[in-house]
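# Breakdown of the fold
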Amino acid sequence: MTLATPVLHTARLRLRPFTGADADMLFALHSSALVMRYWDSPPWDERARAERFIDTCGKMADEGTGARVAIERASDGAFVGWCGLTGWNPDYRSASLGYVLAEAMWGHGYATEAARAVLRWAFDTLDLNRVQAGTDTRNVASARVLEKIGFLREGTLREDCVVNGEVSDSWVFGLIRREWRPAAVPTPAREERR
């Protein structure tokens, strides 16, 4: 079963499928040591990784396992980062949420806005019952985003990752459909039909 990657709009953002034209910005994002400091893999050191990432996004949609969208600012088209759902399981009605934003885009509420739009799509269009997310316990800003959009911290995975050669713990967050509060979205996200 395929999963059509959506185009979503919020008050300040447009979330859309990746294209080959995104490779340079995607590489700049994932090659930043600061942006990737809490990620479970090292920063990219070759541009070909960005091209493979974009190809993988297409394969995920074709295989029906998830959808990742590029985030751009609606006012000027500036690349903000990406957000997506992986591990989509229609039988269990579950998936995992992830996002990465460029350093220049931190602190503006874009992660919260983009994640809310993706969650609205997940619960309304995909009829999910549960969305899970995880973050390094040192990444307090990401944990704050998840809590702001309604996720509850469900536990700690002790020493589950090695980040930049350092063993680290992760927090697991969950959001259940009945706890989702779409009214928290200031401007309703809308899906573009194609």
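As a starting point, this report considers the structure included with it. (Residues numbered from 1 in each chain as written. Predicted model: local features only at pLDDT ≥ 70, side-chain atom pairs only at ≥ 80, totals over all residues. Heavy atoms only, no water.)

## Let's talk about the packing of helix α1 (residues 23–30) against helix α2 (residues 48–63)
In the contact formed by α1 and α2, the axes pass within 8 Å of each other and the chain directions differ by 110°. For the element pair α1 / α2, the angle class is roughly perpendicular. For the element pair α1 and α2, the recorded crossing hand is right-handed. Note on element contacts: α2 touches α1 through A50, E51, F53 and I54, opposite A23, L26 and F27. Of the residues that constitute the contact of α1 with α2, the class distribution is six nonpolar, no polar and one charged. (Axes fitted to C-alpha atoms, helices over the stretch in contact; angles between N-to-C directions. Helix = DSSP H or I, 4+ residues; strand = E, 2+ residues; numbered from the N terminus. Parallel < 35°, antiparallel > 145°, perpendicular 65-115°, else oblique. Left-handed = near helix turned anticlockwise from the far one by under 90°. Contact = heavy atoms within 4.5 Å. Nonpolar A, V, L, I, M, F, W, Y, C, P; charged D, E, K, R; others polar.)

## What to know about the side chain of D22
Its location among the elements puts D22 in the loop between β2 (13–16) and α1. Look at D22 and you get buried, because its relative accessible area is 6%. The contacts of D22, once residues within four sequence positions are left out, are R16, P17, I54 and A70. (Buried < 20%, exposed > 50% of the residue type's maximum accessible area, 1.4 Å probe, protein only.)

## Looking at the pairing of strand β6 (residues 130–136)
Judged from the three bridges that link them, strand β5 (residues 94–101) and β6 form a sheet pairing that is parallel. The partner of S94 across the bridge, within β6, is R130. Between the parallel elements β5 and β6, the chain passes through helix α3 (residues 110–124) in a crossover that is right-handed. In terms of strand pairing, β6 meets strand β8 (residues 166–176) through seven bridges, oriented antiparallel. Pairing of A133 across the sheet is with F173, part of β8. (Pairing = 2+ DSSP bridges. Right-handed = clockwise from strand over helix to strand, strands pointing away.)

## Comments concerning the packing of aromatic side chains
Scanning the model with the defined rule gives six aromatic pairs in all. Measuring from centroid to centroid gives 5.5 Å for F123 and W180, while their planes differ by 35°, and the two rings are tilted. One end of the pair, F123, is in helix α3; the other, W180, is in the loop between β8 and β9 (190–191), with 57 residues separating them in the sequence. Accessibility classification places F123 together with W180 in one group, the buried group. Taking 6.5 Å as the distance between ring centres and 90° as the angle between the ring planes, the aromatic pair formed by W171 and F173 counts as edge-to-face. We classify W171 as buried; its relative accessible area is 16%. (Phe/Tyr/Trp six-rings, centres within 6.5 Å; stacked < 30°, edge-to-face > 60°.)

## Concerning the environment of P182
With respect to the helices and strands, P182 occurs in the loop between β8 and β9. Separated by 62 residues in sequence, P182 and R120 have C-alpha atoms that sit 6.7 Å apart.

## Comments concerning the pattern of salt bridges
The full count for this structure, using the stated rule, is 13 salt bridges. The partner of D24 in a salt bridge is R47, and the shortest N-O contact between them spans 2.5 Å. Linking D24 in helix α1 with R47 in the loop between α1 and α2, this pair joins segments that are 23 residues apart in sequence. Residue R47 is classed as partly exposed on the basis of its relative accessible area of 33%. Across the salt bridge formed by R130 and E154, the nearest N and O atoms sit 2.7 Å from each other. Placement of R130 in strand β6 and of E154 in strand β7 (residues 152–163) is noted, with a sequence separation of 24 residues between them. On the basis of relative accessible area, R130 is assigned to the partly exposed category, the value being 22%. A single salt-bridge network, built from bridges that share partners, covers R14, R16, D22 and E72. (Salt bridge = Lys/Arg side-chain N within 4 Å of Asp/Glu carboxyl O.)

Worth remembering: the numbers are spatial, not functional.
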